[in-house]
Each structure stands twice: as structure tokens, then as C-alpha cells.
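Residue strings, one per chain:
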Amino acid sequence: PFTAFCQVRTTALGNLRAAPSTSAAILAEVPFGTTVTATARNAAGFYLVSYGGQMGYLSSAWATELGTCS
């Protein structure tokens, strides 16, 4: 987990997934340019985020950190 909340912005249309895997079920689509708060990032490069009232995983391949996440 991050020591502080981290903001990430999508760089393309991203999928909010039920688990940190590209094969996990898609919960929602996160539009390009959307900023969300991430509470953790795993070794595979998925952020745990809240979007549209749901918690899920967003791939770092489609998001960039705003500032420094630690």
C-alpha cells in the first residue's frame, strides 16, 4: 500500500477489473483523462482504485502517476 493516497490519470480508455489481471472480469471502463485515487500498486503494475463507487484494479499500462506515489 501507499503511505499516502496517490492520484493517477488514465492515458487511454482503461478497464477497471475485479482482480489485478488482464483476464479478470471488467467492472467498468475508465475514460481517457480520468483522475482516480489509488491506494496501492502491486508488482504486476496494477493500481487499486475507486471509480464510480467501485473498487477495482487499473493497469499502469493505461495510467500515469500525478506526482510521486510511495
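Residues numbered from 1 in each chain as written. Predicted model: local features only at pLDDT ≥ 70, side-chain atom pairs only at ≥ 80, totals over all residues. Heavy atoms only, no water.

Enquirer: Is there a simple way to explain the overall build of the protein chain in this structure?
Expert: Looking only at helices and strands, the protein chain features zero helices and seven strands. The C-alpha radius of gyration of the protein chain comes to 11 Å, within 12% of the 11 Å expected for a compact globule of 70 residues. Taken along its principal axes, the extent of the C-alpha atoms in the protein chain is 30 × 25 × 20 Å. Within the protein chain, buried positions represent 33% of all 70 residues. Here the contacts in the protein chain between residues at least 6 apart in sequence split such that 52% fall between residues at least 24 apart. For the protein chain, the exposed area adds up to about 3,900 Å²; of that, 56% sits on carbon and sulfur atoms. (Helix = DSSP H or I, 4+ residues; strand = E, 2+ residues; numbered from the N terminus. Rg over C-alpha atoms; globule rule 2.2 N^0.38 Å. Buried < 20%, exposed > 50% of the residue type's maximum accessible area, 1.4 Å probe, protein only. Contact = heavy atoms within 4.5 Å. Areas by Shrake-Rupley, 256 points an atom, 1.4 Å probe, with all protein chains shown as cover.)

Enquirer: Would you mind showing me how to read the pattern of salt bridges here?
Expert: Under the defined criterion, the tally for this structure stands at one salt bridge. For the salt bridge of Arg41 with Glu65, the shortest nitrogen-to-oxygen distance reads 2.0 Å. Of the two residues, Arg41 sits in strand 4 (residues 35-41) while Glu65 sits in strand 7 (residues 63-66), which places them 24 residues apart along the sequence. Owing to a relative accessible area of 38%, Arg41 belongs among the partly exposed residues under this scheme. (Salt bridge = Lys/Arg side-chain N within 4 Å of Asp/Glu carboxyl O.)

Enquirer: Teacher, can you tell me more about the nonpolar core here?
Expert: Generally speaking, soluble globular proteins have nonpolar side chains that are buried together. Judged by nonpolar contacts, Cys6, Val8, Leu16, Ala28, Val30, Val36, Ala38, Tyr47, Val49, Leu58, Ala63 and Cys69 together constitute the single largest core of 12 residues. Mapped onto this core, the elements with two or more residues apiece are strand 1 (6-10), strand 3 (26-30), strand 4 and strand 5 (46-51). (Core = buried A, V, L, I, M, F, W, Y, C linked by side-chain atoms within 4.5 Å.)

Enquirer: Honestly, the environment of Trp62 in this entry has me stumped. Any pointers?
Expert: By secondary structure assignment, the location of Trp62 is in the loop between strand 6 (54-59) and strand 7. Take Trp62: its relative accessible area is 42%, and that puts it in the partly exposed class. As for Trp62 and Ser21, which are separated by 41 residues in sequence, their C-alpha atoms are 13 Å apart. Not counting residues within four places of it along the chain, the set of residues in contact with Trp62 comprises Arg9, Thr10, Thr11, Ala12, Leu13 and Gly14.

Enquirer: I keep staring at the environment of Val49 and nothing clicks. Help me out?
Expert: Following the sequence through the fold, Val49 ends up in strand 5. Each C-alpha atom of the pair Val49 and Phe32 lies 15 Å from the other, and the pair is 17 residues apart in sequence. Residues in contact with Val49, not counting those within four places in the same chain, are Val8, Leu16, Val36, Thr37, Ala38, Gln54, Met55, Gly56 and Leu58.

Enquirer: Looking at this model, I keep getting lost on the confidence of the model for the protein chain. Mind explaining?
Expert: Atomic detail in the predicted coordinates should be set aside for any region of low pLDDT. With 94% of its residues at a pLDDT of 70 or more, the protein chain shows a mean pLDDT of 92. When the elements of the protein chain are averaged for pLDDT, strand 4 gives the smallest value, 92, and strand 3 the largest, 98. (pLDDT = per-residue confidence, 0-100.)

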